Amino acid sequence: MPARVIPLHDARTLQPALPVAAGRSWPPGQAGSVADALGRPLRDLRISVTDRCNFRCGYCMPKQVFGKHHEFLPHAELLNFEEITRLAGVFVGLGVEKLRITGGEPLLRRHLETLIEMLAPLRTPAGRPLDLTLTTNGSMLARKAAALKAAGLQRLTVSLDGLNDAVFQRMNDVGFPVAEVLEGIRAAQAVGLGPIKVNMVVQRGVNDDQILPMARHFRGSGVVLRFIEFMDVGATNGWRMEQVLPSAEVMRRIAAEFPLVPLSSSAPGETAERWAYADGSGEVGFISSVTQAFCGDCNRARLSTEGQLYTCLFATRGHDLRGLLRGAAPVDDGQLSAAVAAVWAGRTDRYSQLRGRGAPTPDGPRRVEMHYIGG
Ligand code: SF4
């Protein structure tokens, strides 16, 4: 049965600007003291720098919906680099220690290196450097890796859903060859943008025959391969539970050939369950939002391309920060912090946990599209 495509609901309808309580200001330096309604701190900010992509992966941006007539956001509506850097500074003041640059495909944003140069000097209130990383489809990595490294990027994650060209091209739906992504990964390794992670979204009956070839290819390469369960993100990818291959099954297939041993998580709120090859030839991970939800310690916020704050990948609405930056009445960083802290403090998101328990997930407008807020 063909995937049911749900007509696109323009989730980008802007929410009214966040209220700024007169005189309410977040004392600078009160790091990490903001926790959400479930006690989860704010540690990780994903910044989407474009809603555009040169791929049309069906699980994220199906071509039937995001075809050649799809209207992307006009450039003037995107946060500019100064606005992104200012907001990032505010989030860091509230406890963020990791910035992930995403999209769409972030390398499509012109002069991205300039933004990275502006973000790299940011420090936590305790003076520590941030963990500055980026997620890319690798299509432009071979020619951009050196400049990204020179600008201050520390590491990156590449999305690659198979090694077989026919399978991969069917999934990216633009005929992009595997070889060029692999060349990009080599270029990134060569300039020291590591540790490099490779994310593979697994869809049963679509690319699960690529699990072992991918494991064989990256084992012993220094690259950490992670398998992601197919998720019901957004409202357009025709998600069905039957297409989800649980991580437990992926792990069973790999362990049958390469015995695995568990590793402890490397940071609070880490999405991947980490395992090592028992023979010491590297690490592999499993991101199981569907069968083993990890909302309990989710410390991730997302900033959309035009300045909406989302507190969950499956959110149905954002909170407009750009309105504060560009509003008639200028706001200072203390007021911005207060506005962000108020949103975070009220956060109760745990979509995957509820989905997992069969509990009714929050109703309302459709979920925001992943390519708009970054995975
Ligand atoms: S579903 Fe939402 S709350 Fe749960 S882990 Fe994902 S982003 Fe976090």
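Structure first, text after, so check above.
Residues numbered from 1 in each chain as written. Predicted model: local features only at pLDDT ≥ 70, side-chain atom pairs only at ≥ 80, totals over all residues. Heavy atoms only, no water.

**A look at empty space enclosed by the protein**
Keep this limit in mind: Only protein atoms enter the 1 Å grid, on which a cavity is a set of points fitting a 1.4 Å probe that cannot get out and a pocket is an open set with protein on both sides within 12 Å along at least 5 of 7 lines, lining residues being those with an atom within 4 Å of a point. Grid points are joined across faces, edges and corners, and a volume is the space filled by probe spheres set on the points. Residues are grouped as follows: Ala, Val, Leu, Ile, Met, Phe, Trp, Tyr, Cys and Pro are nonpolar; Asp, Glu, Lys and Arg are charged; every other residue, Gly included, is polar.
Applying the stated criterion across every chain yields a total of 3 cavities of 30 Å³ or more. What the second largest cavity holds in volume is close to 40 Å³. Looking at the second largest cavity, the residues that line it are Tyr59, Val201, Ile228, Glu229, Phe230, Met231, Val233, Asn237 and Met370. Per-class residue counts for the lining of the second largest cavity are 7 nonpolar, 1 polar and 1 charged.

**Side note on the environment of Phe218**
Definition in use: We count a stretch as a helix when DSSP gives it H or I for four or more residues in a row; a strand needs E for two or more, and each element gets its number in order from the N terminus. Relative accessibility thresholds used throughout: buried, under 20% of the residue-type maximum; exposed, over 50%; partly exposed, between the two (1.4 Å probe, protein chains only). The contact rule is simple, with two residues in contact once any of their heavy atoms fall within 4.5 Å.
Mapped onto the elements of the fold, Phe218 is located in helix α6 (residues 211-218). Among the residues examined, Phe218 registers a relative accessible area of 4% and is labelled buried. When the C-alpha positions of Phe218 and Lys197 are compared, they lie 10.0 Å apart, and in sequence the two are 21 residues distant. Not counting residues within four places of it along the chain, the set of residues in contact with Phe218 comprises Leu160, Leu182, Ile185, Val198, Val223 and Leu225.

**Topic: the site of the ligand**
Cut-off, in case you're wondering: We call a residue near a molecule or strand when any one of its heavy atoms sits within 4 Å of it.
Taken together, 13 residues are adjacent to the ligand, and Cys295, Cys298, Cys312, Leu313 and Ser352 come closest. Breaking the shell around the ligand down by element, the ones donating at least two residues are β10 (300-303) and α10 (351-356). Each residue belonging to the shell around the ligand can be placed in one class, and the counts come to 7 nonpolar, 1 polar and 5 charged.

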